[in-house]
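# Structural overview for review
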Amino acid sequence: MTILLFGVTKDIIGSATLSMPSSSEFGSKKSKTVKELKDYLGKMYPELKKLSSLAVAVNNSYANDDTIIDNFDEIALIPPVSGG
Amino acid sequence: MDFNRYQRQTVLKDFGAEAQQKLKDASVLVVGAGGLGIPALLYLNAMGVGNIGIVEQDMVEITNLQRQVLYTEGDLGRSKIEVVVERLKAQNSSTHLTIFDTFLTRHNALEIIAQFDIVIDGSDNFPTRYLINDACVILKKPFVSGAIQGFEGQLSVFNYQGSPTYRCLFPNMPNQEEIPNCNENGVLGVIPGIIGNLQALEAVKAITGLGEILKGKLLLFNGLEHSYKTIHFSLNPQNTAIKKLLESYGEGEDACEIGGSISVEELEKTLKDQEHVQIIDVRSKKEFQHFSLPQMKAINIPLNELEGRTNELDTQSPIYLLCQSGKRSNMALGILKELNPKLELYNIVGGVDRFLALASLGTAKKNSSDLSKGEVKS
């Protein structure tokens, strides 16, 4: 699973992309959701949990917390940016 | 209209005289004449958009020059809107320009936006972005949103004929700690140039009906990888049900000169109309003694003494907070708000500096009966 990082998430995680290991990392082989992924990332990178308005896209579509994801999906973490 | 002037675009089969006429008849509001607003303004004006409105109240600063390419070294310290109008008039004398020498606030947003067909959001802070969204939803106006940070940019057309809104992507305004704000984070000079131009392009498409509008899609541009990624998102009908603006757009803790704030021009009117206006000058005692504005009759309570001297405040009346530039008074606003959320507090945007700058700008603006709005037709 590839996670593309935008805006401040890039600074928090320290790279432009993140490759997630296999499903065992989640402690479950069942389908995973966006919520589970967010929780997992939040544990690894506590700063991410502070982002109240973080959009998540799965395969270029906006996803909700209960959107199902698998290892072949491309995820994007998109915080709003405000600069002008 | 001099069609010859626009021949290079009217010759385009899909554009033609018809689209040119649509541009001429259109009215576009550009909020912010900064990194995004300037390229958008220059191209819309060049291409023949007939009516352009500009909302801006900043002065030209040296740190603006690396990306706000309309301003020159000679413009430092001048009001941006004055310089912009001068250049746009020179560029295309047939454009009808309406200037709003103010920041967009919850008090003026609906009235200003109602006068235009479409809005370009070139603001630099979240409070204004959410305010523009909500006002446009209420007024059923489309807006072309651009935003930048570092080497990246975001672009989308929101609320276009029932299309998704900004809140469909980012439902709630982030707080100050989450996202670098107000230019605290850097930006590579050319990035707003790219995104601002794309905003102009989307505005032209929305006006003329040309091509496919970037609605329900968020474009993520990365300048370092040169990647353009498009994210699809859909409408949450809840977000188009907005009927009125919020009571507050996060001023105080995150006041990028919006709400909870008052412009010097507005304050001067208040001073004229009211016998007693409570102005607290939070500069140091030394600064206050060195220079103060006699017409303000301000009480000096330095910022570091504020918490211990709240008994000197008249909590029943509005409190206007003043300092040299508007920064310390903004912090004072945050402190007082936390102590007593019920207080009616206003930060005087730009502070003493703004008073002095306005005083030295001369008579042209002073003579106008409504300082916050002027019309220029050339």
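First, a word on scope: everything that follows refers to the structure included in this document.

With that out of the way, let us pick up the pairing of strand 10 (residues 278-281) of chain B. Residues and elements named next belong to chain B. Burial of strand 10 is two-sided: the residues Q278 and I280 facing one way and the residues I279 and D281 facing the other way are all buried. Sheet topology places strand 10 next to strand 12 (residues 319-322); four bridges connect them, and they run parallel. Across the sheet, Q278 pairs through a bridge with I319, a residue of strand 12. For strand 10 and strand 11 (residues 299-300), the ladder comprises two bridges, and the chain directions are parallel. Bridge pairing links I280 to I299 in strand 11. Considered for its hand, the β-α-β crossover made up of strand 10, helix 10 (residues 285-290) and strand 11 is right-handed.

For interface size, the figure often reported is the accessible area lost on association. Taken together, the contact between chain A and chain B spans 25 residues of the former and 38 residues of the latter. Of the roughly 2,400 Å² buried at the junction of chain A and chain B (both faces included), carbon and sulfur atoms supply 55%. At the junction of chain A with chain B, the criterion picks out two salt bridges. In this assembly, chain A and chain B are joined by 14 residue pairs in polar contact (both at pLDDT 80 or more). If you list the elements that add at least two residues to the side of chain A that touches chain B, you get strand 1 (2-5), helix 1 (8-13), strand 4 (55-58), strand 5 (61-63) and strand 7 (74-78) of chain A. Sort the elements by how many residues they give to the side of chain A that touches chain B and helix 1 of chain A lands first, with three residues. Of the residues contributing to the side of chain A that touches chain B, the split by class is 13 nonpolar, eight polar and four charged.

All names here are of chain B. Across the seven residues that make up strand 6 (residues 152-158), a large majority, seven, are buried. Side chains E152, Q154, S156 and F158 project from strand 6 onto one buried face, and the interleaved G153, L155 and V157 project onto a second face that is buried too. Hairpin connection, strand 5 (residues 143-149) to strand 6: the antiparallel pair is bridged by two residues, and G150 has positive phi, about 60 degrees.

A few words on a nonpolar patch on the surface. Judged by side-chain polarity, F151, L188, V190 and L224 of chain B come together as a nonpolar surface patch covering roughly 380 Å² of accessible area. You can see V190 of chain B is positioned in helix 8 (residues 190-208).

What follows covers the nonpolar core. Soluble, globular proteins show a tendency: their nonpolar side chains are buried together. Residue and element names in this part refer to chain B. Among the nonpolar cores identified, the biggest contains 43 residues, and V28, L41, L44, I54, Y71, V84 and I120 are the most heavily contacted of them. Looking at this core, the element that brings in the most residues is helix 8, giving seven residues. Aside from chain neighbours lying at most four places away, what touches L41 is V30, A33, I52, I54, V84 and L88. Counting 34 residues, the second-largest nonpolar core is a separate cluster that includes I113, F143, Y166 and L220.

Parameters and conventions
- Residues numbered from 1 in each chain as written.
- Chains lettered and ligands numbered in written order.
- Predicted model: local features only at pLDDT ≥ 70, side-chain atom pairs only at ≥ 80, totals over all residues.
- Heavy atoms only, no water.
- Buried < 20%, exposed > 50% of the residue type's maximum accessible area, 1.4 Å probe, protein only.
- Helix = DSSP H or I, 4+ residues; strand = E, 2+ residues; numbered from the N terminus.
- Pairing = 2+ DSSP bridges.
- Right-handed = clockwise from strand over helix to strand, strands pointing away.
- Contact = heavy atoms within 4.5 Å.
- Buried area = accessible area lost by both parts, 1.4 Å probe.
- Salt bridge = Lys/Arg side-chain N within 4 Å of Asp/Glu carboxyl O.
- Polar contact = N/O pair within 3.5 Å; in protein donor to acceptor, adjacent residues only side chain to side chain.
- Nonpolar A, V, L, I, M, F, W, Y, C, P; charged D, E, K, R; others polar.
- Patch = residues over 30% accessible without salt bridge, like charges linked within 9 Å, V, L, I, M, F, W, Y side chains within 5 Å.
- Areas by Shrake-Rupley, 256 points an atom, 1.4 Å probe, with all protein chains shown as cover.
- Core = buried A, V, L, I, M, F, W, Y, C linked by side-chain atoms within 4.5 Å.

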